[in-house]
Each structure stands twice: as structure tokens, then as C-alpha cells.
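Geometric and topological summary
Each chain, written out:
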Amino acid sequence: LAMVPLAIAAFVLAWYCGRALWGRAAASLGLALLALEPTYQRMAGQFRADTLWALGWIAAMAACMLVRRPLWRSLLTGLAVGVAMASSLKTIPLLASAVVAGGFVLLCLPRQARPRAASLTGELAIGALAATAVVTIVVASVALQGGWTAMHEAVLGHNLLPGFGRNANTRQMALRCLEAG
């Protein structure tokens, strides 16, 4: 039951995003369909990092869409991305996709509608610093409690680079990377 508030918060933020994009009726219909989906019903209350990750990612998208003041938008988006990234590395490819899509949207805008480069750079820097701060705090707190080795094994050895851990054969890993590239 500890995860239910996180799932509800993600649900509510998704509704606000849907309303901003397509209107109240479409947002309500979308969430009704999600609520009726059996996998969502089964998974929403489970104790998993994915619940926190979903809230972080949806909160980042909501901040991008709904917060009007640039400083607050970049800060809140960065903090939410940091929460998502600290809870799951699947944030990295999604973030890369979002940056590419955002760049494409900016290129499609008429020149006079584009934000100034200095303003955009400042907003991106604030967001990146906020996200980095969240991840740094999480990693530091794990390390201070003696969990660095376990975190290294779980994050690098399991999620990011399978087979890369304390007992990994570095030469074999390098050869595998070269073969894949």
C-alpha cells in the first residue's frame, strides 16, 4: 500500500498532461481506460522502483508542459528527471529521445517564436544541475550507508553493462563491446 500514493500522483499528473494536450474529455477517457487496464491495476500497488520512476518521469513531462515560469519549469523538470534517473536507468534513453524531440520541435518553430539561445542554455543548465543534485544525493546516501558495492553491482553489473562487476573479465567485456560496435 505504500506505493499507492505514488501511483495516484502519477495518475493525476497524467490527467493534467492529457488535459493540457487534448482537453478534459480526452484526459478523462484516457485515464478511465488506464484504470480499467488489468496490468495497471495489478502493478500500481506493488512495491517496485518503477512506481517511483513513473511518477518522476510523468512529473518531469508535466513540469515541461504546465509550468509557465522558465526558472521554475527548468528546476522542477530537473528535480523530477533526477528522481526518475535515481530510480531507474531507463530514464537515460528516454531523456535522450525527449531532448532530440525537443530540438526538432524548436527547429520547426518560426524563428521569432524560438527562445533565445542564452535563455534556453540557462534553462537546460538549471535542469541538468537539479537532476545531477538528486542523483548525487541518492548515490552519496547509499555510499554512506555502506551500499556502494551492492549499488555498483546492481546498477552497472546488472542494468547498464551486464557482466560488468567485481568478478568481471575486463578483457572479455572490452572485446564484447568492440564486437557489438
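A quick note: this is a predicted structure, and the numbers were derived from the prediction, not measured. Counting from 1, residues in each chain are numbered in the order their sequence is written. With pLDDT at 70 or above as the cut-off, local features in this predicted model cover only qualifying residues; side-chain atom pairs require 80 or more to be listed or tallied, and sums for whole chains, interfaces and linings still use all residues. Excluding hydrogens and water, the side-chain values take into account all heavy atoms of the structure.

**Description of the overall build of the protein chain**
For the protein chain, the helix and strand inventory stands at nine helices and zero strands. Counting from the amino terminus, helix and strand elements in the protein chain follow one another as α-α-α-α-α-α-α-α-α. Any pair of residues with heavy atoms lying within 4.5 Å of one another is described as a contacting pair. At a minimum sequence separation of 6, the contacts of the protein chain that also span at least 24 residues come to 59%. Surface accessibility of the protein chain: about 12,100 Å² in total, with carbon and sulfur atoms responsible for 70%. Each helix is a run of H or I in the DSSP string that is no shorter than four residues. Each strand is a run of E no shorter than two, and both are numbered from the N terminus. Per-residue and other accessible areas were derived by the Shrake-Rupley procedure at a 1.4 Å probe size, with only the shown protein chains allowed to occlude residues.

**A short note on the packing of aromatic side chains**
Aromatic rings considered in pairs are described by the distance between their centres and by the relative angle of their planes. Centre distance within 6.5 Å is the pairing criterion for rings of Phe, Tyr and Trp, where only the six-membered ring of Trp is used; planes under 30 degrees apart are then read as stacked, over 60 as edge-to-face, and the remainder as tilted. Under the defined criterion, the tally for this structure stands at one aromatic pair. Measuring from ring centre to ring centre gives 5.2 Å for Trp 15 and Tyr 16, while their planes differ by 75°; the resulting arrangement is edge-to-face. Each residue is assigned to one of three classes by its accessible area relative to the maximum for its type, calculated with a 1.4 Å probe on protein chains only: buried under 20%, partly exposed between the two thresholds, exposed over 50%. Since its relative accessible area comes to 16%, Trp 15 is described here as buried. Residue classification places Tyr 16 among the partly exposed positions, given a relative accessible area of 34%. Should the NZ of a Lys or the CZ of an Arg lie within 6 Å of a ring centre and within 35 degrees of the ring normal, that charge is described as sitting over the ring. Lying over the aromatic face of Trp 53, Lys 90 brings its terminal NZ or CZ to 4.8 Å of the ring centre.

**Quick notes on helix H1 (residues 4-22)**
To estimate how far a helix should reach, multiply one less than its number of residues by 1.5 Å. For H1, spanning 19 residues, the distance from its first C-alpha to its last is 26 Å, which sits close to the expected 27 Å at 1.5 Å a residue. Where H1 is buried, its residues touch helix H2 (24-36), helix H3 (38-43) and helix H4 (49-66). The positive-phi residue at the C-terminal boundary of H1 is Gly 23, with phi of around 105°.

**With respect to the pattern of salt bridges**
Here, a salt bridge means any side-chain nitrogen of Lys or Arg that lies within 4 Å of a carboxyl oxygen of Asp or Glu. One pass over the structure, following the stated rule, counts two salt bridges. A salt bridge links Asp 50 to Lys 90; the shortest N-O distance between them is 2.8 Å. A residue pair is termed long-range when its members are at least 10 positions apart, and Asp 50 in helix H4 and Lys 90 in the loop between helix H5 (70-87) and helix H6 (91-108) qualify at 40 residues. Asp 50 gets classed as partly exposed once you look at its relative accessible area, which sits at 28%. Judged by relative accessible area, which is 33%, Lys 90 ranks as partly exposed. Glu 123 serves as the salt-bridge partner of Arg 73, at 3.3 Å between the closest nitrogen and oxygen. With Arg 73 in helix H5 and Glu 123 in helix H7 (residues 117-144), the pair connects residues that are 50 residues apart, well separated along the chain.

**Some points on the confidence of the model for the protein chain**
Scored from 0 to 100, pLDDT records how confident the predictor is in each individual residue. For the protein chain, per-residue confidence averages 87 on the pLDDT scale, and residues scoring 70 or more make up 86% of the total. For the protein chain, the element scoring lowest by mean pLDDT is helix H9 (residues 170-180), at 65; H5 scores highest, at 96.

**Regarding the state of the cysteines**
The rule for a disulfide is simple: a pair of cysteine sulfur atoms within 2.5 Å. Applying the stated criterion to the full structure yields zero disulfides. There is no disulfide at Cys 17, and the cysteine sulfur nearest it, in Cys 64, is 9.2 Å away. In this structure Cys 17 comes out as buried when scored by relative accessible area, which is 8%.

**A look at the environment of Thr 51**
Inspection of the secondary structure puts Thr 51 in helix H4. On the accessibility criterion, Thr 51 (10% relative accessible area) is buried. C-alpha separation for the pair Thr 51 and Ser 87, spaced 36 residues apart in sequence, amounts to 9.1 Å. Setting aside its immediate chain neighbours within four residues, Thr 51 contacts Met 3, Leu 6, Ala 7, Met 43, Ala 44 and Gln 46.

**Focus: the packing of H5 against H6**
Each axis is a line fitted through C-alpha atoms, and for a helix only the stretch in contact is used; angles between axes span 0 to 180 degrees, taken between their N-to-C directions. Between H5 and H6, the least distance of the axes is 9 Å, while the angle of their chain directions is 145°. Of the residues in H6, those touching H5 at Val 81, Ala 84 and Met 85 are Thr 91, Ile 92 and Leu 95. Residue composition of the contact of H5 with H6, by class: five nonpolar, one polar and no charged. The classification used treats Ala, Val, Leu, Ile, Met, Phe, Trp, Tyr, Cys and Pro as nonpolar, Asp, Glu, Lys and Arg as charged, and all other residues, Gly among them, as polar.

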